[in-house]
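Commentary on secondary and tertiary structure
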Amino acid sequence: MAEILSDLDYLKMAVVNSRQSMEDGNFPAGAILVKDGEILASEISSKYPGLLHADSKAVTHGFEKTGGLLEGATLYCSMQSCLMCTSVAYWGGIRRIVYAVRKSEVDQNYYESPGDTAPLIASFNQKMEIVHMPQLEEETLGIVREWELTPPPG
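From a predicted model like this one, the values you see are computed outputs, not experimental measurements.

**Some words on the sheet that holds strand β2 (residues 38-44)**
Read across the open sheet, the 5 strands follow the order β2-β1-β3-β4-β5; overall the sheet is mixed. The open sheet has two edge strands with one neighbour each: β2 and β5 (129-132). Within this sheet the neighbouring strands show an average axis-to-axis angle of 15°, counted without direction. Both strand β1 (residues 30-35) and strand β3 (residues 74-79) contribute to a ladder of 4 bridges, which runs antiparallel. Paired with Ile32 across the bridge in β3 is Tyr76. The strands touched by helix α1 (residues 7-23) within the sheet are β1, β2, β3 and β4 (96-101), with β1 carrying the most contacts at an inclination of about 145°. The sheet contacts of helix α5 (residues 137-149) involve β3, β4 and β5, and relative to β4 the element is tilted by about 70°.

If you want it as C-alpha cells, here you go:
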C-alpha cells in the first residue's frame, strides 16, 4: 500500500499542477485524485475557456483507471470546483473535495456563475464534504495572478 500523506501534502501537489498548467499556457488549475494513499490521477487544465477542467479530468481518469465509482476517494483542487466539476465528482462517487483558492477570490468570469456551489451540494442525495485549506490560498492566487498577466500564446 502506498504511503498516506496529509491533505496538505496532496493539495500542494495540486498547486504544483496549477503552476504546470499555467506554464503550458493553460488555465492555472490543477487537481490530484487520491484513494487509500494511491494517486489515481494528477491533472492540469485545458486552455481557458475550455471544457476540460483539471478536476473533471482527474475524476474521469480515476474512474477509467479503477473501472468503477470512486467511493472513498478525495479530490484535491488548487481552486474551488465549479458546478460542472463538483457534479462530475459527485456522480463519480467522490464525497470529499479539498481545495486551496475560494471562488470568491478570483475573477467571477472564471466560473459559470457568481454564486456559491453550496446550494447545489446541499441538494445532492448524499452528503459531500467540501474542505477549504487556506494555508495554500495566497501561493495559489499568486499563480492565478501571474497567469492573468501573461499574454495568451500565439
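Don't stop here, the text continues.
**A few points about the packing of aromatic side chains**
Summed over the entire model, instances satisfying the criterion amount to 6 aromatic pairs. Ring geometry for Phe27 against Tyr110: centres 5.3 Å apart, planes inclined by 75°, an arrangement best described as edge-to-face. In this pair, Phe27 is assigned in the loop between α1 and β1 and Tyr110 in the loop between β4 and α4 (118-123), connecting sequence segments 83 residues apart. The buried category is assigned to Phe27, whose relative accessible area is 11%. Overall, Tyr110 belongs to the buried group, its relative accessible area being 15%. One aromatic cluster is present, formed by Phe27, Tyr110 and Trp147 through successive ring pairs. Here Arg95 stacks its cationic end above the ring of Tyr90, 4.0 Å away from the centre of that ring.

**What to know about the pairing of β2**
As defined by bridge partners, β1 adjoins β2 across 6 bridges and the pair is classed as antiparallel. Each residue of the ladder has a partner; that of Lys35, found in β2, is Glu38. Counting the residues that bridge the hairpin from β1 to β2 gives 2 residues, and of these Asp36 lies at a positive phi of roughly 55°.

**Considerations on the pattern of salt bridges**
Tallied over the entire structure, the rule returns 9 salt bridges. Arg102 is the partner of Glu137 in a salt bridge, and the nearest nitrogen-oxygen pair spans 2.8 Å. Of the two residues, Glu137 is situated in helix α5 and Arg102 in the loop between β4 and α4; the sequence distance between them amounts to 35 residues. Under the relative-accessibility criterion, Arg102 is labelled partly exposed at 31%. A salt bridge links Arg145 to Glu148; the nearest nitrogen and oxygen atoms lie 3.5 Å apart. With Arg145 and Glu148 both in helix α5 and 3 residues apart, this pair spans about one turn of that helix. Counted as one network, the salt bridges with shared partners bring together Asp7, Arg96 and Glu129.

**What to know about the state of the cysteines**
This model, assessed by the stated rule, comprises 0 disulfides. Looking at the unpaired Cys82, the closest cysteine sulfur is the one in Cys85, lying at 3.7 Å. Judged by relative accessible area, Cys82 falls into the buried class, the value being 6%. For Cys85, a relative accessible area of 0% translates into the label buried.

The rules behind these values
- Residues numbered from 1 in each chain as written.
- Predicted model: local features only at pLDDT ≥ 70, side-chain atom pairs only at ≥ 80, totals over all residues.
- Heavy atoms only, no water.
- Pairing = 2+ DSSP bridges.
- Helix = DSSP H or I, 4+ residues; strand = E, 2+ residues; numbered from the N terminus.
- Axes fitted to C-alpha atoms, helices over the stretch in contact; angles between N-to-C directions.
- Contact = heavy atoms within 4.5 Å.
- Phe/Tyr/Trp six-rings, centres within 6.5 Å; stacked < 30°, edge-to-face > 60°.
- Buried < 20%, exposed > 50% of the residue type's maximum accessible area, 1.4 Å probe, protein only.
- Lys NZ or Arg CZ within 6 Å of the ring centre and 35° of its normal.
- Salt bridge = Lys/Arg side-chain N within 4 Å of Asp/Glu carboxyl O.
- Disulfide = S-S within 2.5 Å.

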